[in-house]
Amino acid sequence: QPPKRKASTKSSKGKTPTVVDGVSTEEMSKEQLEEHIVRLREELDREREERNYFQLERDKIHTFWEITKRHLEEKKCELRNRDREMEEAEERHQVEIKVYKQKVKHLLYEQQNSLSELKAEGVVSTKLLQKEHADLETQLHKDLHSLKVELKEQELSSENVLKSLQLKHDEETTDLRNDFARQVRGEELAEVTSQYGTDIEEREIYTLPTEPENYSDTTDQDSDKNLEGQPEAMIVKEGEPNVWRQCPKVKRTFSVSLRNKMWNMIKPLKGSSKLRQPWTLLLYDIFKKENPCCPLAFQYQHVKTDQSRKRNLPYLHALAACTFPSCTAKYTFQMKEKPASQDEDITFSVHQTGDILHKLEEKKSRPTAYLKRGKIAKALDHGPSQCFYTRLQSTPNEQILAGNMTDCPNKNVLKVIGSEVRRNEYLHIDILMEIYLMQTILGEYHIPGYIQLFSMKPFIVHLYTELGINILVQHLLSRSPVSLYLDATGGVV
């Protein structure tokens, strides 16, 4: 708004005169004022033009701002629409995921049912086949056992006959020696009597020995020879108890052979310098044929590779020691050259250092593992005790005398192996799942089973048979009241 007139009058009164080019307007002439007015009008026109230009610029900017604001509102609206569409799509996606999850659950349930059915059928068929094979194997074992018993009896009878013949031969030899000695003494006595007379004969009778003079010397020499091959620790002094086992004599250096099929099982892989398991089991099996005394613990093995720089070393070098604490025997297994693929038998050289010393109160055996554990598991059908005595009877006498019980594990080991066998026969590792599978099997094949009711939450198992119910009914009808005692397995006593 323009200032009020009165205020402008007051301000004009107190206003100082304008100075142009160092001259006030009051002192200017008419021509100077006109020039000044013309100049002011030009400035006025220029200012008006600039004002118009700035107004146009302002209008353009305002128009552009309006357009931009409108576009911004449109984009915001479009963005809200997109967000809403994304939310709706996400909801539809979640619904589809739930539907597919439900379908997958149904498929898994059907698959589990079919798998359980197939597994149950497989278990039943496997049980039947195992039972048939077990019966056949049991019969074969019985026949084999009877044959071994007969063979053992024949061997014992032949040994007894041989011992009796040997004893008879020794007695006859002793009688012949005594007769010959008497004849020699008689001839010598007759000759002396004929030469020197009766006195000499009587003296010779008293001076001639009843036995050869060197008899005691030869006996001492024989005993020294027997003690020469024994270690000093095994030489028992007179009056002391014997604490050592009488182990059979074995060679200190010998060779053993391994079949090519067995060698292929344990030979090292390409680039490896170690034999594969069960190399300890196979090497000991061929070792005990020559030396049944010592149960070995293998301590070291090395196989020479193709890249080895030590050309003079043997192809295979292994070390083992006897597990008896008192025994100092150690064994070195060597194979000079790498065996060819066409060789039927692979030969190892074995050298013993130290002495075989086994005490009477000690018994040792190698761990039961690998293939040997599986063979023992198949022989446990009649219980650990029967298996123990069967294997004890088949164990060579040399091993038993030496205290080597490797071929005859104790009953505790047999019980552990039996528990492993029974664990493998379970339908499932989980006992609840096994009860469920057993109930399913008995229900499908209409076998009069003993699992009548099964529940997990809460855990309930009803175990009874038709025979048990009939026994209970008979007791209830015969007398009243009846006391029932349930044992830990659910049976009625």
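Quick look at the structure, then. This structure is a prediction, so every number in the text was calculated from the model and none was measured.

1. Here's the deal with the overall build of the protein chain
Line of reasoning, step 1. Across its full length, the protein chain holds 12 helices and 9 strands.
Line of reasoning, step 2. Counting contacts in the protein chain only where the partners sit at least 6 residues apart, residues at least 24 apart contribute 59% of the total.
Line of reasoning, step 3. Surface summary for the protein chain: the accessible area is close to 38100 Å², and the carbon and sulfur share equals 55%.

2. Details of the sheet that holds strand β6 (residues 330-335)
Line of reasoning, step 1. In spatial order, the strands read β3-β7-β6-β5-β4; together these 5 strands make up an open sheet with antiparallel pairing. Each edge of the open sheet carries a strand with a single partner, namely β3 (253-259) and β4 (296-303). With direction set aside, neighbouring strand axes in the sheet form an average angle of 25°.
Line of reasoning, step 2. The sheet contact formed by strand β5 (residues 316-322) and β6 spans 6 bridges and is antiparallel. Among the inter-strand pairings, Leu319 is bridged to a residue of β6, identified as Thr332.
Line of reasoning, step 3. Sheet strands in contact with helix α6 (residues 279-287) are β3, β4, β5, β6 and β7 (345-353), and its direction is about 115° off that of β4.

3. Regarding a negative patch on the surface
Line of reasoning, step 1. Residues Glu42, Glu43, Asp45, Glu47, Glu49 and Glu50 make up a contiguous surface patch of negative charge.
Line of reasoning, step 2. For Asp45, the location among the structural elements is in helix α2 (residues 30-196).

4. Some remarks on the layout of surface pockets
Line of reasoning, step 1. Quantified by volume, the largest pocket comes out at close to 1500 Å³.
Line of reasoning, step 2. Leu144, Lys148, Arg391, Ser394 and Asp407 are the residues nearest the centre of the largest pocket, which is lined by 48 residues in total.

5. Some points on the packing of aromatic side chains
Each aromatic ring pair is characterised by the separation of its centres together with the angle its planes make.
Line of reasoning, step 1. Evaluation of the coordinates by the stated rule reveals 8 aromatic pairs.
Line of reasoning, step 2. With centroids separated by 6.0 Å and ring planes inclined at 40°, the aromatic side chains of Phe254 and Phe287 adopt a geometry described as tilted. Taken as a pair, Phe254 in strand β3 and Phe287 in helix α6 lie far apart in primary sequence, 33 residues in all. For the pair shown, Phe254 and Phe287 are each scored as buried.
Line of reasoning, step 3. Here Phe287 and Phe333 contribute two aromatic rings whose centre-to-centre distance is 5.9 Å and whose plane-to-plane angle is 55°, an arrangement assigned as tilted.

6. So, empty space enclosed by the protein
Line of reasoning, step 1. Counting across every chain of the model gives 1 cavity of 30 Å³ or more.
Line of reasoning, step 2. Counted as a void, the largest cavity has a volume near 30 Å³.
Line of reasoning, step 3. Ser116, Lys119, Ala120, Val123, Leu427, Leu437 and Ile441 are the residues that line the largest cavity.
Line of reasoning, step 4. Elements represented by at least two residues in the lining of the largest cavity include exactly α2 and α11 (431-444).
Line of reasoning, step 5. Per-element tally for the lining of the largest cavity: the top contributor is α2, with 4 residues.
Line of reasoning, step 6. Of the residues belonging to the lining of the largest cavity, the class tally is 5 nonpolar, 1 polar and 1 charged.

7. Some remarks on the side chain of Asp407
Line of reasoning, step 1. Position of Asp407 among the secondary structure elements: in the loop between α9 (397-402) and α10 (411-424).
Line of reasoning, step 2. One polar contact links Asp407 to Lys288, side chain to side chain, over a distance of 2.6 Å.
Line of reasoning, step 3. Within the structure, the side chain of Asp407 is placed 3.5 Å from the side chain of Gln399, a separation counted as a polar contact.

8. Let's talk about the pattern of salt bridges
Two side chains with opposite charge may pair up if their charged atoms get near one another.
Line of reasoning, step 1. The full count for this structure, using the stated rule, is 8 salt bridges.
Line of reasoning, step 2. Ionic pairing is found between Lys75 and Glu78, a salt bridge with its closest N-O pair at 4.0 Å. Of this pair, Lys75 and Glu78 both sit in helix α2, 3 residues apart, which is roughly one turn of the helix.
Line of reasoning, step 3. Assessed through its relative accessible area of 55%, Lys75 is described here as exposed.
Line of reasoning, step 4. A residue is classified by how much of its surface remains accessible, and Glu78, at 36% relative accessible area, is partly exposed.
Line of reasoning, step 5. The partner of Asp285 in a salt bridge is Lys288, and the shortest N-O contact between them spans 3.9 Å.
Line of reasoning, step 6. Each member of the salt-bridge network shares a partner with another, and the members are Asp285, Lys288 and Asp407.

The rules behind these values
- Residues numbered from 1 in each chain as written.
- Predicted model: local features only at pLDDT ≥ 70, side-chain atom pairs only at ≥ 80, totals over all residues.
- Heavy atoms only, no water.
- Helix = DSSP H or I, 4+ residues; strand = E, 2+ residues; numbered from the N terminus.
- Contact = heavy atoms within 4.5 Å.
- Areas by Shrake-Rupley, 256 points an atom, 1.4 Å probe, with all protein chains shown as cover.
- Pairing = 2+ DSSP bridges.
- Axes fitted to C-alpha atoms, helices over the stretch in contact; angles between N-to-C directions.
- Patch = residues over 30% accessible without salt bridge, like charges linked within 9 Å, V, L, I, M, F, W, Y side chains within 5 Å.
- Salt bridge = Lys/Arg side-chain N within 4 Å of Asp/Glu carboxyl O.
- Lys, Arg positive; Asp, Glu negative; His and termini not counted.
- Charge placed at Lys NZ, Arg CZ, Asp CG, Glu CD.
- 1 Å grid on protein atoms, 1.4 Å probe; cavity = no way out; pocket = protein on both sides within 12 Å on 5 of 7 lines; lining within 4 Å.
- Points joined across faces, edges and corners; volume = space filled by probe spheres on them.
- Phe/Tyr/Trp six-rings, centres within 6.5 Å; stacked < 30°, edge-to-face > 60°.
- Buried < 20%, exposed > 50% of the residue type's maximum accessible area, 1.4 Å probe, protein only.
- Nonpolar A, V, L, I, M, F, W, Y, C, P; charged D, E, K, R; others polar.
- Polar contact = N/O pair within 3.5 Å; in protein donor to acceptor, adjacent residues only side chain to side chain.

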